[in-house]
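Residue-level structural notes
What follows is each chain in one-letter form.
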Amino acid sequence: MLKIRIVKRLNPPKYHAFLVPILSVVISLMIMGLFLWARFGKFEKVVEAYREMFSWPFIFDYGLPDTISKMVPLLLAGLGLSVVFKMKIWNIGAEGQLYLGAMATTWGALFLFKNVENSLILIPTLLLMGAIAGALWAFIPGILKAYLKLDEIVATLMLNYIAAHWLNYLIYGPWKDPEGYNFPLTAVFPESSWLPMFGESGIHSGVLIALAMVVLIYFLMYRTRWGFHLKIIGDNQTAARYSGINVEKNIILAMILSGALAGLAGGIQMLGVQHRLQHGFSPGYGYTAIIIAWLARLNPWAMIVVAFLFGGLMVGSEQLQIMMRIPISMVYVLQGIVLFTLLASEMIFNYKIEILIPRNGGEKSWR
Amino acid sequence: MEMILKVLSAAVRSGTPLLFATLGEIITERSGVMNLGLEGLMLIGAITGFMVSYNTKNVYLGFIAAMIAGAIFALLHAFMVITLRVNQVVSGLALTMLGTGISGMLGRSYIGQVAPKFSEMRIPILSDIPGIGEIFFSHDILVYLTYILVPLTFFILFKTKPGMILRAVGEEPSAADSRGINVYLVRYIATTIGGAITSAGGAYLSLAYTSMWIENMSAGRGWIAIALVIFSAWEPFKAMIGSYLFGGMMATQLRLQAGGKVNISANILMMLPYIATLVAMVIFSSSEKFRKRIGAPTALGIPYSREEKT
């Protein structure tokens, strides 16, 4: 009799690391295409939509600067998340930590240091404030997780909602621009606090900070003892404890680092792109960063590529919204489908189907 | 007095969607599967319920359709985490994203429309009891449905054989397996039923609480429900108390806002339920006694595999 069973591949081929993400994106685009086809009723429209979506964000004179400026917060927040995810700590709070960073930077730029004109001092100070604010916001669930075993998923999520309402309070209330025609936004920051641009390209220098952080995180996670400790804690907490690693301290430190990077992302977004705090300045960067960290398999280098592609996806779908009136919620659908297909295909590739055919005395396996 | 009764009655009403979601998740988690996609499931329930009710002019049909839609999406999660053994946290998040996106896309043409809704049904005799009648027995039929659902879930979970099997699968899947129980099947069923009930909570929002579709109308209730599951120590009756407590907080915040009696910004008031959730969780988890007493299902979040026993 035939026997079929599913077994784990012991040595998945190396090319899977590239094949799996690419394949899952292709599959998701196909599924999404069906959605669009149903909407437009014409296949040519789907082709046109995809052509728009994949050309505009990557052409230098059109969407590329925008793509890069969206890549920066995604990359920074994703890097931060990769640190805690490696420990199997589920910080879902990057969005809130990013808000806090943006709020602290705004506070500094508009009120605390509004008379400082030396950009060389002002900009690093403001960004540092952002990072510290993000770190503090992540410190709360970190310490609760470490000492009270409080579920960090729920804690970080609650903090996201609190941060969002806090931000709204500020821009609808005390921080509202008196000359802003009652729109929920603050006044524009003094120009001395703006991040310098690369000439006329429209690309701001925050991208250099993000790339520097990639190197830093790579170094920390793969080349230091601390990074190794985090990995051990993620793999087996009990073993980590027995080998003398202070699990509690490391949970808190990792959360602080992760929050600081998200906060920095918020600060850079303020000083490099928005130059003012306003409603809806983040189209869910903190949540998308979760996908990015996961798609890149927590690898900092891979995250550059993935964040760039997702930045392009965001810009492309904004373009689609303008050109073809496709709602922005399509992006969430697409992101959800990408994540599902990625997870599924990763698992499917890691397993193989064995068909056992009993022969005289022995069994032969195929595939 | 009148005012207090009104607030308490509103607490039950706004606690009901939380209660549905919490009950659903209790069933799912008792089998050892964690579904963090409640927010997405509620939104799916809300939009499906609204669409069907709007187009057929039949609220009951809408409610049933919402539950079916929730079951289908929960089935997707079940397939991912039970069969493919994908990380349950990530799959749940993906489900939330998908639910938010799909409901937003489908709901665009329904914004501003009004569909039929479940109307108030006072229960004769019971609703005449002073106080209690006003608080518990002058609502719509879905609220009464939870009065049946809570004891029923409790009874099934703790007093029947299927309930015992469900809990066994959540506690000791390999032991259950060796007794001839199909762990995968039990988990599939629990996740699907749990998802359907969670979705019913979403449908409550668009079919009874209001009669409109508003984008992201669940407003974080799905996540609060996940916190409530932990408070309630995975027990239906405690879930009821917790849900009404939080419902009360949400209702009070709305009332304060509408009354304009207090001079606090609406945004600050809107933080309250989330801060309260956090504070309550801190209090509960810092008490040693509580932590010992609550029993998270031992196998919660751990995929089961026959071949790779740990």
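No experiment lies behind these values; they were computed from the predicted model shown.

1. Quick notes on the overall build of chain A
Scanning chain A from terminus to terminus reveals 13 helices and three strands. Out of the 367 residues in chain A, the part that is buried amounts to 49%. A separation threshold of at least 6 residues defines the contact pool for chain A, and within that pool the share at least 24 residues apart is 78%.

2. Regarding the overall build of chain B
Check the secondary structure of chain B and you find 13 helices and two strands. Here the C-alpha radius of gyration of chain B, 19 Å, is about what a compact globule of 310 residues would show, namely 19 Å. In terms of its C-alpha atoms, chain B occupies a principal-axis envelope of roughly 60 × 45 × 40 Å. Burial status across chain B gives 51% buried among its 310 residues.

3. Structural notes on the confidence of the model for chain B
As a general rule, the predicted coordinates of low-pLDDT regions are not to be interpreted in detail. Looking at chain B as a whole, the pLDDT averages 87, with 94% of positions reaching at least 70. Here helix 13 (residues 288-293) of chain B stands out as the element of chain B with the lowest mean pLDDT, 58, in contrast to helix 9 (residues 183-209) of chain B, whose mean of 95 is the highest.

4. Structural notes on helix 7 (residues 206-223) of chain A
Along an α-helix, a turn takes 3.6 residues, which lines up residues three or four apart on a common side. All names here are of chain A. For helix 7, built from 18 residues, the straight-helix expectation of 26 Å at 1.5 Å per residue is met to within 8% by its first-to-last C-alpha distance of 25 Å. Listing the buried residues of helix 7 in full gives Gly-206, Ile-209, Ala-210, Met-213, Ile-217 and Met-221. Seen from one end, helix 7 has its buried residues packed into an arc of 95°, which puts them on one side. Those residues of helix 7 that are exposed and angled more than 90 degrees off the buried face are Ala-212, Val-215, Phe-219, Tyr-222 and Arg-223. On its buried face, helix 7 sits against helix 3 (64-86), helix 8 (225-235), helix 10 (247-274) and helix 12 (300-324).

5. Concerning the domain arrangement of chain A
Residues and elements named next belong to chain A. Entries for chain A in the domain assignment read domain 1 (1-41 + 328-367) and domain 2 (62-326). On the domain 2 side, the residues contacting the seven residues of domain 1 number eight residues. It is helix 13 (residues 329-350) that contributes the most residues to the side of domain 1 that touches domain 2, five residues altogether. Residue composition of the side of domain 1 that touches domain 2, by class: six nonpolar, one polar and no charged.

6. Quick word on unusual backbone geometry
All names here are of chain A. The backbone of Lys-88 sits at a positive phi, close to 60°, despite the residue not being glycine. Among the secondary structure elements, Lys-88 is positioned in the loop between helix 3 and helix 4 (94-112). One non-glycine residue, Asn-182, lies in positive phi territory at about 70°. Among the secondary structure elements, Asn-182 is positioned in the loop between helix 6 (152-172) and helix 7. The class for Asn-182 is exposed, based on 9 C-beta atoms found within 10 Å.

7. Overview of the interface of chain B and chain A
Taken together, the contacts link 36 residues of chain B with 34 residues of chain A. Within the residue set of the side of chain B that touches chain A, elements represented by two or more residues are helix 4 (88-107), helix 10 (221-231) and helix 12 (266-286) of chain B. The residue inventory of the side of chain B that touches chain A, partitioned by class, reads 24 nonpolar, ten polar and two charged.

8. Regarding the environment of Ile-241 of chain B
Position of Ile-241 of chain B relative to the elements: it lies in helix 11 (residues 236-259). Separated by 13 residues in sequence, Ile-241 of chain B and Leu-228 of chain B place their C-alpha atoms 9.7 Å apart.

9. A closer look at the environment of Met-87 of chain A
All names here are of chain A. Inspection of the secondary structure assignment puts Met-87 in the loop between helix 3 and helix 4. Remark: the alpha-carbon pair of Met-87 and Phe-113, spanning 26 residues in sequence, is separated by 38 Å. Once residues lying within four places of it in the same chain are set aside, the contact partners of Met-87 are Leu-230, Ile-233, Gly-234, Ile-251 and Ala-254.

10. A short note on the nonpolar core
Residue and element names in this part refer to chain A. Judged by nonpolar contacts, the single largest core of 209 residues is most densely connected at Leu-76, Ala-77, Leu-261, Ala-265, Ile-292 and Ala-293. Split by domain, the residues of this core number at least three in each of domain 1 (1-41 + 328-367) and domain 2 (62-326). The contacts of Ala-77, once residues within four sequence positions are left out, are Ala-94, Leu-98, Leu-261, Ala-262, Ala-265, Tyr-285, Gly-286 and Ala-289.

11. Comments concerning the packing of helix 7 of chain A against helix 12 of chain A
Packing of helix 7 of chain A against helix 12 of chain A leaves a shortest axis separation of 9 Å and a crossing angle of 150°. Packed against helix 7 of chain A, whose contacting residues are Val-214, Ile-217 and Tyr-218 of chain A, the element helix 12 of chain A presents Pro-300, Trp-301, Met-303 and Ile-304 of chain A at the interface.

12. Remarks on the packing of helix 3 (residues 59-83) of chain B against helix 4 of chain B
Residues and elements named next belong to chain B. Where helix 3 meets helix 4, the axes come as close as 10 Å, and the angle between the chain directions of the two elements is 155°. As the angle between them shows, helix 3 and helix 4 are arranged roughly antiparallel. Every pair of crossing elements has a handedness; the one defined by helix 3 and helix 4 is right-handed. Judged by residue contacts, Phe-73, His-77, Met-80 and Val-81 of helix 3 engage Gln-88, Ser-91, Gly-92, Leu-95 and Gly-99 from helix 4. Of the residues belonging to the contact of helix 3 with helix 4, the class tally is four nonpolar, five polar and no charged.

13. Regarding helix 1 (residues 2-30) of chain B
Residue and element names in this part refer to chain B. With 29 residues, helix 1 ought to run about 42 Å at 1.5 Å a step, and its terminal C-alpha atoms sit 40 Å apart, in line with that. Residue Thr-16 marks the point of greatest curvature in helix 1, where the axis turns by about 40°; the proline Pro-17 follows within four residues. For helix 1, the buried fraction is high: 21 of the 29 residues fall into the buried class. Note on helix 1: the residue one or two positions beyond its end, Gly-32, has a positive phi of about 95°.

14. Quick notes on the confidence of the model for chain A
The pLDDT averaged across chain A works out to 86; a share of 90% of its residues lies at or above 70. A low-confidence stretch, residues 361-367 of chain A (pLDDT under 50), is modelled with twelve contacts involving residues beyond four sequence positions or located in other chains.

15. Here we look at the environment of Pro-116 of chain B
All names here are of chain B. Turning to its location among the elements, Pro-116 is positioned in the loop between helix 4 and strand 1 (121-122). You can call Pro-116 partly exposed: it has 15 C-beta atoms within 10 Å. For the pair formed by Pro-116 and Gly-133, sequence separation is 17 residues and the distance between their alpha carbons is 25 Å.

Cut-offs applied
- Residues numbered from 1 in each chain as written.
- Chains lettered and ligands numbered in written order.
- Predicted model: local features only at pLDDT ≥ 70, side-chain atom pairs only at ≥ 80, totals over all residues.
- Helix = DSSP H or I, 4+ residues; strand = E, 2+ residues; numbered from the N terminus.
- Buried ≥ 20, exposed ≤ 12 C-beta atoms within 10 Å, placed from the backbone.
- Contact = placed C-beta atoms within 7 Å.
- Rg over C-alpha atoms; globule rule 2.2 N^0.38 Å.
- pLDDT = per-residue confidence, 0-100.
- Expected span 1.5 Å × (residues − 1).
- Arc of directions from axis to C-beta.
- Domains from an automatic or database assignment.
- Nonpolar A, V, L, I, M, F, W, Y, C, P; charged D, E, K, R; others polar.
- Core = buried A, V, L, I, M, F, W, Y, C linked by C-beta atoms within 7 Å.
- Axes fitted to C-alpha atoms, helices over the stretch in contact; angles between N-to-C directions.
- Parallel < 35°, antiparallel > 145°, perpendicular 65-115°, else oblique.
- Left-handed = near helix turned anticlockwise from the far one by under 90°.
- Bend = angle between axes of the 7 residues up to and from the residue.

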